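What follows is each chain in one-letter form.
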Amino acid sequence: MKKFLVGILVFMMLFSLVGCNDKNDSESTMDVNENGKITIWAWDPNFNIAIMEEAKARFEKEYPNVEIEIVDYAKADLEQKLHTNLASGTTNGLPDIVLIEDYNAQMYLQSYPGSFADLTGQIDHKDFVDYKTELMTLDGKVYGVPFDSGVAGFYYRTDILEAAGYSASDLADITWDDFIKIAQDVKDKTGTAMLAFDPNDGGLMRIMMQSAGAWYFDEEGNPNLANNPALEDAVRVYKEIAGSNFIKPTSGWGEWVGAFNSGDTASVITGVWITGSVKAEASQSGLWAVAPVPRLNVANSKNASNLGGSSWYVLNSSKEKGTAIEFLKTTYAKDVDFYQNILVDRGAVGSYIPSQSGSAYVAEDPFFNGQKVYADFSKWMSEIPAINYGTYTYEADAAIFGQMGEVYSGGNIKDALKKAEDQLKSQIQ
Amino acid sequence: MNKNQKAKSLEKAYEKHSWGFIGIAVIMVLIFNVYPIINSLVLSTMSGKGVVMHFNGLGNIRRLFDDTVFQTALKNTFTFFIIQVPIMIFLALIIAAFLNESTLKFRSWFRTAIFLPCVTSLVAYSVLFKSMFSFDGIINTTLLNLHIIQQPIPWLLDPFWAKVTIILAITWRWTGYNMIFYLAALQNIDSSIYEAARIDGASKSKQFMKITIPMLKPVILFTTIMSTIGTLQLFDEVVNLTGGGPSDSTLTLSQYIYNLSFKFTPNFGYAATISYVIVFIVAILAWLQFKVGGERNA
Amino acid sequence: MRKLSEALKYIFLIIISFISIFPFVWMIIGATNTSTDITKGKLLFGNQFVRNFKVLVETVDLPQILFNSAKIAVFTTLISLLIASLAGYGFELYKSKFKEKIYAFMLLTMMVPFAALMIPLFRLFANANMLDSHIAVIIPSVASIFIIFFFRQNTKSFPLELVQAARVDGLNEFQIFFYIYMPTMKSTYAAASIIVFMTAWNNFLWPLIILQSQSKKTITLVISSLSSAYFPDFGVIMVAIIIATLPTILIFFLMQKRFVEGMLGSIK
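Criteria and cut-off values
- Residues numbered from 1 in each chain as written.
- Chains lettered and ligands numbered in written order.
- Predicted model: local features only at pLDDT ≥ 70, side-chain atom pairs only at ≥ 80, totals over all residues.
- Helix = DSSP H or I, 4+ residues; strand = E, 2+ residues; numbered from the N terminus.
- Rg over C-alpha atoms; globule rule 2.2 N^0.38 Å.
- Buried ≥ 20, exposed ≤ 12 C-beta atoms within 10 Å, placed from the backbone.
- Contact = placed C-beta atoms within 7 Å.
- Nonpolar A, V, L, I, M, F, W, Y, C, P; charged D, E, K, R; others polar.
- Pairing = 2+ DSSP bridges.
- Axes fitted to C-alpha atoms, helices over the stretch in contact; angles between N-to-C directions.
- Domains from an automatic or database assignment.
- pLDDT = per-residue confidence, 0-100.
- Core = buried A, V, L, I, M, F, W, Y, C linked by C-beta atoms within 7 Å.
- Expected span 1.5 Å × (residues − 1).
- Bend = angle between axes of the 7 residues up to and from the residue.

Participant: Which parts of the structure should I look at to understand the overall build of chain A?
Facilitator: Tallying secondary structure elements over chain A gives 18 helices and twelve strands in all. Relative to the compact-globule value of 22 Å for 429 residues, chain A shows a C-alpha radius of gyration of 23 Å, a close match. A principal-axis box enclosing the C-alpha atoms of chain A has dimensions of 80 × 55 × 40 Å. Here chain A holds 429 residues, and 55% of them are scored as buried. Long-range contacts, defined as pairs at least 24 residues apart, comprise 78% of the intrachain contacts of chain A with a sequence gap of at least 6.

In structure tokens, the structure reads:
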């Protein structure tokens, strides 16, 4: 009986070894198959999925026999599936097109070399904003089709700000220190909190840093936490905000969105993709406006920045690679009208430059009291400093927020950042 | 052939059949448990970025000693284990003892109500708890209205309260489950033992300490070991409620494994190494619990 | 004094029951309110239930998804009960040193976190070309070591005289199992089926990894994707949670009595 068991074990090992060599990517083709089927993975039914559905409908008009399946996962779930598939070395579970968050682009490209299709020359990347193309470039090859921009804005409630005596001109091109003063004033005069703030979320910090053209890493990709003036200033601002009484503390996404939807807070500072969520509260129509984001107290910090945003990637193993590329090419890299539609319907600001002269981009938005918000966003988008996010954004985020507890309770910022850098270095050895 | 030999050869004949009973299970365990385990053991000697891996020998184990995040996760996991498991087991025992009294009214109502949390899925109950424990969620609102607290408690935002919330959530989910095991075991205890104790003038709490707990020792041991495994692998609650924060104060070993594989630049080798740290710790704890809990097999 | 301690006991049990049930009440109230009301902690019934339900039905193919979950849970339960009870019975009845070693080793494998096994396991199914199938979701969980353990513990209380008598009557070993053991152990099967069904119905990580197409997803996967939207609608999510929780509650209510009896055997 023991022999029998050993036999099974040996059999299994062989089975798995044979399996490893069973790569079936030879069939993949660059031709467009008009009867092919492509699968797409993305997250968020109200945004990415809905936009993909629109793209699908447009593509199907030209290629009625191509079947497109869009599969919706939670973002973390999608990432986990993608890692498991790529790491297993098998390809039959992978989709043809996948959505990847910009911060993670280099991480996927470097961790799974050869897994993503090189789109250099297939797509005209000059038509997209620079910083989007840069983050998907590895060794001179461009791997994705840039999708939405995370150009950041300072959304505020005009009624509440006016009640405290502030008008649009007081809020344009300010520093974070100005912002803190205004916020305190608003809280004192109106009793309304200025900001919903999660002290453990790195979103605002990334907005602050990128506005100064800085990041957790230097140009060569080495950790740059301990001697990074922009980061140091950002942490200082975080500490002041966290310790103030003009915030409403929140934890997690739903609570954060709930805070401004319910009118508990007077402003939101984040990426443009939040527009849909802001507008979801129809009763606040006409009461909102958008200003440029505050800048840091360091040289060359601009009143323009970015948070999040993601892009589409084609898998190299795709059996319908040609069709998948054709699909992205005719929609995301060509169709200006498509971009007008998703802007109007979903508040999605694309990074495709030709689309930004379209009618929807220059329209006045009644929800924002007639402000041409998207024209403003387009202008700020062109000012966003391009930086290299590197491979380890979330490691750096974790390392810093591991120390923020210390900072909030009065610890020295420099020491904390030094500790975070040491931790980060040991993490990414 | 004497009787003994005959019995022996009969046993042998039956023995042949035994593989018909356990064969399928054993083969499936080999394929779906043992094979992946061997695979991940091999993996634990490697290190690298995604599929770009190299042999690292015992390097991953050495790395554990410098890895402050790992040490934080280890400390947190132990904090949860040391505080939560005893509270839950004690609570479950008391409830079971109460529910076992035949004079108790609405027994089955209480039992059903207290067991109910176990039927919820982890995904569902995480969503529920997250909305209940938000800053101006229902828990804070109620406590404020009852004047139990003056300021809302930052349940998920403060390192201390975040730990408390996690402990509350696990206790809510699993106390009823353990209680059912105790309740079942209590029905085996002859009620005359309690009768005799009562005549001797032993108080209720004395009966609980001197009769109930010793009689339930094997079950307690069993549930403790199961809870140990559960707590050491604690993952879903933490990911969904606090995401390991604030400042890593609720990060557990399992979540760190997850982060190393799926959130950070993946290092599957190092992640596998930490998995075996958990196995090692659970094995030691289970062994200790057997030693303390007496040799009687649960 | 006696009266007081009696009263305290009831108060204690009422408080514990209340805490246990409250999240369910919260879930039901939430399903009738708007997303904003839920984040504000509104504890009154609203009138949004129909709207929330409609949105849910429009976003996902609810009948299909519930059918998927039910199919997976029912088949996992049936197959798992058969395999695990055979094994639990076999390990207890035909003891040998070698088998005890296998058994101990199996218990040890329970301690390995699933995250460590996921990738090799996935590779196994990918190579067998079984991705995106419900069978691949079911198979790895049917040889549940915990359920084997559960059946073995229960078998300890199964009277051996019955086996011997049946052997004298000329029944073979499998007939004994199917005609005598199975009917006698009804409660054990009931308890095990509740545990397996709940685990399979609520399972998340493995179905997430294996299933690919939208039409094969289970209800837990749907809840997870709903709650991670840029703009999550908590009212809709609450309705989804109710629908996901109802079957397990129903099964528990139906089998409650047998369940407690069945647990009895596991702890001998």
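Now that the structure has been shown, we can carry on.
Participant: Any chance you could explain the overall build of chain B here in plain terms?
Facilitator: Counting secondary structure elements, chain B contains 13 helices and two strands. Against the 2.2 N^0.38 benchmark of 19 Å for 298 residues, chain B shows a C-alpha radius of gyration of 24 Å, more extended than a compact globule. C-alpha atoms of chain B, sized along the principal axes, occupy 75 × 65 × 30 Å. Put simply, of all contacts in chain B between residues at least 6 apart along the chain, 70% involve residues at least 24 apart.

Participant: Explain the interface of chain C and chain B to me, please; I cannot follow it from the model alone.
Facilitator: Each side of the interface is counted separately: chain C has 66 residues, and chain B has 69 residues. Residue contributions to the side of chain C that touches chain B peak at twelve residues, all from helix 14 (residues 234–266) of chain C. Its residues assigned to classes, the side of chain C that touches chain B shows 48 nonpolar, 14 polar and four charged.

Participant: I would appreciate a short explanation of the sheet that holds strand 2 (residues 67–73) of chain A in the present structure.
Facilitator: Hydrogen bonds between backbone groups are what pair the strands of a sheet, and the pairing can be parallel or antiparallel. All names here are of chain A. Within the open sheet, the five strands sit side by side as 2-1-3-12-6. Their pairing is mixed. Every interior strand has two partners, whereas the edge strands, strand 2 and strand 6 (144–146), have only one. For this sheet the average axis-to-axis angle between neighbouring strands, irrespective of direction, equals 25°. Of the pairings in the sheet, the one linking strand 1 (residues 37–43) to strand 2 comprises seven bridges and is parallel in character. Note that in strand 2 the partner of Trp 41 across the bridge is Val 71. Across the sheet, helix 2 (residues 48–62) is in contact with strand 1, strand 2 and strand 3 (97–101); its angle to strand 2 comes to roughly 180°.

Participant: Mind showing me how you'd approach the domain arrangement of chain A here?
Facilitator: Where the parts come together, the accessible area they lose is often given as the size of the interface. Residues and elements named next belong to chain A. Taken domain by domain, chain A holds domain 1 (29–149 + 308–357) and domain 2 (152–306 + 385–393). Computed over C-alpha atoms only, the centres of domain 1 and domain 2 are separated by 29 Å. Facing 19 residues of domain 1, the contacting portion of domain 2 comprises 13 residues. If you list the elements that add at least two residues to the side of domain 1 that touches domain 2, you get helix 4 (105–111) and helix 5 (130–135). Here the side of domain 1 that touches domain 2 gets four residues from one element, more than from any other, and that element is helix 5. Taken together, the residues of the side of domain 1 that touches domain 2 sort by class into seven nonpolar, seven polar and five charged.

Participant: Would you explain the interface of chain C and chain A in this entry?
Facilitator: Contacts between the two partners involve 26 residues from chain C and, on the opposite side, 36 residues from chain A. Those elements that provide at least two residues to the side of chain C that touches chain A are helix 2 (35–40), helix 6 (114–127), helix 12 (205–210) and helix 13 (219–226) of chain C. If one sorts the elements of the side of chain C that touches chain A by residue count, helix 6 of chain C sits on top with seven residues. Counted by class, the side of chain C that touches chain A contains 13 nonpolar, eleven polar and two charged residues.

Participant: Any chance you could explain helix 5 (residues 122–132) of chain B here in plain terms?
Facilitator: Since one α-helical turn is 3.6 residues long, residues separated by three or four positions face the same way. Counting buried residues in helix 5 of chain B gives ten out of eleven residues, a clear majority hidden from the surface. By the burial criterion, the buried members of helix 5 of chain B are Val 123, Ala 124, Tyr 125, Ser 126, Val 127, Leu 128, Phe 129, Lys 130, Ser 131 and Met 132 of chain B.

Participant: Just to check I follow, could you spell out the environment of Ser 205 of chain B for this structure?
Facilitator: Locating Ser 205 of chain B in the fold gives a position in helix 9 (residues 204–215). A C-alpha to C-alpha distance of 23 Å links Ser 205 of chain B and Phe 222 of chain B, two positions 17 residues apart in sequence.

Participant: Please explain the confidence of the model for chain B as it appears in this structure.
Facilitator: For residues with low pLDDT, the predicted coordinates do not support detailed interpretation. Residue and element names in this part refer to chain B. Per-residue confidence for chain B gives a mean pLDDT of 85; residues scoring 70 or more make up 94%. Put simply, helix 1 (residues 3–43) is where chain B has its lowest mean pLDDT, 81, and helix 3 (residues 68–100) is where it has its highest, 92. For this predicted complex, the interface score ipTM comes out at 0.84, while the overall pTM is 0.84.

Participant: Can you walk me through the environment of Asn 48 of chain A in this structure?
Facilitator: As for its position among the elements, Asn 48 of chain A is in helix 2. Note: C-alpha distance between Asn 48 of chain A and Phe 147 of chain A (99 residues apart in sequence) is 9.6 Å.

Participant: What should I look at first to understand the nonpolar core in this one?
Facilitator: Generally speaking, nonpolar side chains in soluble globular proteins are found buried as a group. Counting 310 residues, the largest nonpolar core has Ala 234 of chain A, Ala 25, Ala 96 and Tyr 182 of chain B together with Ile 223, Ala 240 and Ile 241 of chain C as its most contacted members. Per element, the largest residue contribution to this core is 16 residues, and it comes from helix 7 (residues 159–186) of chain B. Mapped onto the domain boundaries, this core takes at least three residues apiece from domain 1 (29–149 + 308–357) and domain 2 (152–306 + 385–393) of chain A.

Participant: Explanation requested: the sheet that holds strand 11 (residues 288–291) of chain A in the structure shown.
Facilitator: All names here are of chain A. In spatial order, the strands read 9-8-10-7-11; together these five strands make up an open sheet with mixed pairing. Edge strands, defined here as strands with exactly one partner in the open sheet, are strand 9 (247–249) and strand 11. Strand-to-strand twist in this sheet, taken as the mean axis angle between neighbours without regard to direction, amounts to 30°. By the bridge criterion, two bridges tie strand 8 (residues 193–197) to strand 10 (residues 265–271) in an arrangement that is parallel. Its bridge partner being in strand 10, Ala 193 is matched across the sheet by Thr 265.

Participant: Would you take a moment to explain helix 7 of chain B for this structure?
Facilitator: Residue and element names in this part refer to chain B. Look at helix 7: 39 Å from first C-alpha to last across 28 residues, which is about the 40 Å you get at 1.5 Å a residue. At Trp 174, helix 7 is deflected by roughly 35°, the largest bend along its length. For helix 7, the buried fraction is high: 21 of the 28 residues fall into the buried class.

Participant: I tried to follow the confidence of the model for chain A on my own but got confused; where do I start?
Facilitator: Scored by pLDDT, chain A comes out at a mean of 88, with 93% of its residues at no less than 70. For the stretch residues 14–27 of chain A, pLDDT sits under 50, and the model shows 14 contacts to residues farther than four places along the chain or on other chains.

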